[in-house]
Amino acid sequence: KQWYQRRVRGIALEHPKCLALGEIGMDFHRNEGGRKKQREVFVEQLKMAVKAEKPVVIHGRGADKEVFEVLKEMLPAEHKIHYHSYSGTASLALELAENF
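Residues numbered from 1 in each chain as written. Predicted model: local features only at pLDDT ≥ 70, side-chain atom pairs only at ≥ 80, totals over all residues. Heavy atoms only, no water.

Visitor: So what exactly am I meant to see when it comes to the packing of helix α2 (residues 35–52) against helix α3 (residues 64–74) here?
Guide: Working note: a packed helix pair is described by the angle between its axes plus the distance between those axes. Two numbers describe how α2 lies on α3: the axes approach to 10 Å, and their chain directions differ by 35 degrees. Seen from above, α2 lies across α3 with right-handed handedness. Contacts between α2 and α3 involve R35, R39, F42, V43, L46, K47 and V50 from the first element and E66, V67, V70, L71, E73 and M74 from the second. Split by residue class, the contact of α2 with α3 holds eight nonpolar, no polar and five charged. (Axes fitted to C-alpha atoms, helices over the stretch in contact; angles between N-to-C directions. Helix = DSSP H or I, 4+ residues; strand = E, 2+ residues; numbered from the N terminus. Left-handed = near helix turned anticlockwise from the far one by under 90°. Contact = heavy atoms within 4.5 Å. Nonpolar A, V, L, I, M, F, W, Y, C, P; charged D, E, K, R; others polar.)

Visitor: What is the right way to read the nonpolar core from this model?
Guide: In this structure, F42, L46, V56, I58, V67 and L71 are the most contacted members of the largest nonpolar core, which totals 23 residues. Put simply, the parts of the chain that give this core at least two residues each are β1 (21–25), α2, β2 (56–59), α3 and α4 (90–99). Leave out the neighbours within four places in its chain, and L71 touches F42, L46, I58, I81, L96 and F100. (Core = buried A, V, L, I, M, F, W, Y, C linked by side-chain atoms within 4.5 Å. Buried < 20%, exposed > 50% of the residue type's maximum accessible area, 1.4 Å probe, protein only.)

Visitor: Honestly, the sheet that holds β1 in this entry has me stumped. Any pointers?
Guide: Strands in a sheet are paired, the pairing made by backbone hydrogen bonds, and the direction either parallel or antiparallel. Pairing within the open sheet is parallel, and its three strands lie in the order β1-β2-β3. Two strands lie at the open edges of the sheet, namely β1 and β3 (81–84), each paired on one side alone. Neighbour to neighbour, the strand axes of the sheet diverge by 25 degrees on average, direction disregarded. Pairing of β2 with β3 involves four bridges; the strand directions are parallel. (Pairing = 2+ DSSP bridges.)

Visitor: Hey, could you run me through the pattern of salt bridges in this one?
Guide: Oppositely charged side chains are able to pair whenever their charged atoms sit close together. According to the stated counting rule, one finds four salt bridges in the structure shown. As a salt-bridge pair, E73 and R39 come within 2.6 Å of each other at their nearest N and O atoms. You can see E73 sitting in helix α3 and its partner R39 sitting in helix α2, a full 34 residues away along the chain. Note on R39: relative accessible area 34%, which makes it partly exposed. The residue E44 makes a salt bridge to K47 at a minimum N-O spacing of 3.3 Å. With E44 and K47 both in helix α2 and three residues apart, the pair spans about one turn of that helix. Judged by its relative accessible area of 17%, E44 is buried. (Salt bridge = Lys/Arg side-chain N within 4 Å of Asp/Glu carboxyl O.)

Structure follows, in structure tokens:
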């Protein structure tokens, strides 16, 4: 975990050409196993993005509700996101737009 964080922060996030962190998120489309681990990794990635003040590119295929819950928990409302592979409802999309 620490090696990964140092590598991502030290090489990628601090590079002047790095504009965002992504694609990060959770994917439950084909296999719902590993949800807990996916969430743990996603939370750590969001922490790094917030600390580096970088927008995030989100992937949430089949996990849109869970991704939204983590985003609300981990990101300040003004944090910029780009949501890729959205498969949720229109009402959830509106909530995302209202919160971020």
